[in-house]
Amino acid sequence: MMESLIINIDVPDLTKGVALYCAGLGFTRARSLFGGSVVELRSAAGAIFLIEQPAGSLPIPTMPIQRDYAPHWTPVHLDLPVTNLDVAVAKATAAGATNSGPVTSQIFGQLAPMRDPFGHGFCLIEFNSDAYDAIS
C-alpha cells in the first residue's frame, strides 16, 4: 500500500530550480540532501525533490538516452492549482518560468501552460466553483 508520493525533478542548476519553485510557485525549502545535490521542497500538497543532474548525463546507465533540458513535454507533469491565475503566472515568470502557450478557458476553469527554466512543462490552474466536478 502506498503511504505517500515522492516527486523528483532533475535540474541542471539547483539555484535556479529553487528560485523558481520557491519564489515563483510557493514551495518552501525544507533541507538539502546528498551533499547538497538534492533539495527537498515542501508545499501543502507534499514534497518534491530537485535533483541536480548535468545535461548529457545518463538517467539509466544501461540505456543510450541522455538528460536533455531543451523544452519538452512529458505525459507526467505537475498541475498546480492557484487562487489567482494572473498573479501566479506573473510570479512564476518573474522567477524564471516561461509561458508555453496561451491561457485557455476550460470547463473547470482557466489553465496556463508553463515551463520551468529547464524545459519541464507544468500547468497553473485557477479552478472555477465546480472544478473537475464540471466534467462529470
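In case you missed it, the structure is sitting above this.
Cut-offs and rules
Residue numbers restart at each chain and count upward from 1, following the sequence in its written direction. In view of the model being predicted, local features appear only for residues whose pLDDT reaches at least 70, and side-chain atom pairs are presented and counted only at 80 or more, with totals across whole chains, interfaces and linings using the full set of residues. Hydrogens and water molecules were not included; the side-chain quantities draw on all heavy atoms of the structure. Whether two strands pair comes down to DSSP finding at least two bridges between them. By the criteria applied, helices consist of DSSP H or I runs no shorter than four residues and strands consist of E runs no shorter than two, each listed in order from the N terminus. For helices, the fitted line uses only the C-alpha atoms of the stretch in contact; every axis is such a line through C-alpha atoms, and the angle between N-to-C directions lies from 0 to 180 degrees. Residues count as neighbours in contact if any of their non-hydrogen atoms are within 4.5 Å of one another. Between 30 and 60 degrees the pair is tilted, below 30 it is stacked and above 60 it is edge-to-face, where a pair is any two Phe, Tyr or Trp rings, Trp via its six-membered ring, whose centres lie within 6.5 Å. When a residue's accessible area, from a 1.4 Å probe over protein chains only, is under 20% of the maximum for its type it is buried; when over 50% it is exposed; and in between it is partly exposed. Here a polar contact is taken to be a pair of N or O atoms separated by no more than 3.5 Å, where protein atoms must pair a possible hydrogen donor with a possible acceptor and residues adjacent in sequence count only if both atoms sit in side chains. Any carboxyl oxygen of Asp or Glu that lies within 4 Å of a side-chain nitrogen of Lys or Arg is treated as forming a salt bridge with it.

Details of the sheet that holds strand β4 (residues 46–52)
Okay, step 1: Strand order in the open sheet formed by four strands is β1-β4-β3-β2, and the pairing between neighbours is mixed. Two strands lie at the open edges of the sheet, namely β1 (7–11) and β2 (28–33), each paired on one side alone. Strand-to-strand twist across the sheet, computed as the mean angle between neighbouring axes with direction ignored, equals 25°.
Okay, step 2: The sheet contacts of helix α1 (residues 14–24) involve β1, β2, β3 (38–43) and β4, and relative to β4 the element is tilted by about 155°.

Quick notes on the packing of aromatic side chains
Okay, step 1: Scanning the entire structure with this criterion turns up five aromatic pairs.
Okay, step 2: Relative to Tyr132, the ring of Phe127 lies with its centre 4.9 Å away and its plane at 80°, an arrangement referred to as edge-to-face.
Okay, step 3: Classification of Phe127 by relative accessible area gives partly exposed; the value is 29%.
Okay, step 4: Taken together, Phe108, Phe127 and Tyr132 form an aromatic cluster joined through their ring pairs.

Regarding α1
Okay, step 1: Turning to α1, its buried residues are Leu14, Gly17, Val18, Leu20, Tyr21, Cys22 and Gly24.
Okay, step 2: Among the residues of α1, the N-terminal cap falls to Asp13, whose side-chain oxygen and the backbone nitrogen of Thr15 are separated by 3.0 Å.
Okay, step 3: Gly26 occupies a position one or two residues after α1 and carries a positive phi of about 90°.

Quick look at the pattern of salt bridges
Okay, step 1: A complete count under the given rule lists three salt bridges for this structure.
Okay, step 2: Where Arg31 meets Glu40, a salt bridge forms, and the shortest distance between an N and an O atom there is 2.4 Å.
Okay, step 3: We note a salt bridge from Arg42 to Glu40, for which the minimum N-O separation is 2.7 Å.
Okay, step 4: A single salt-bridge network, built from bridges that share partners, covers Arg31, Glu40 and Arg42.

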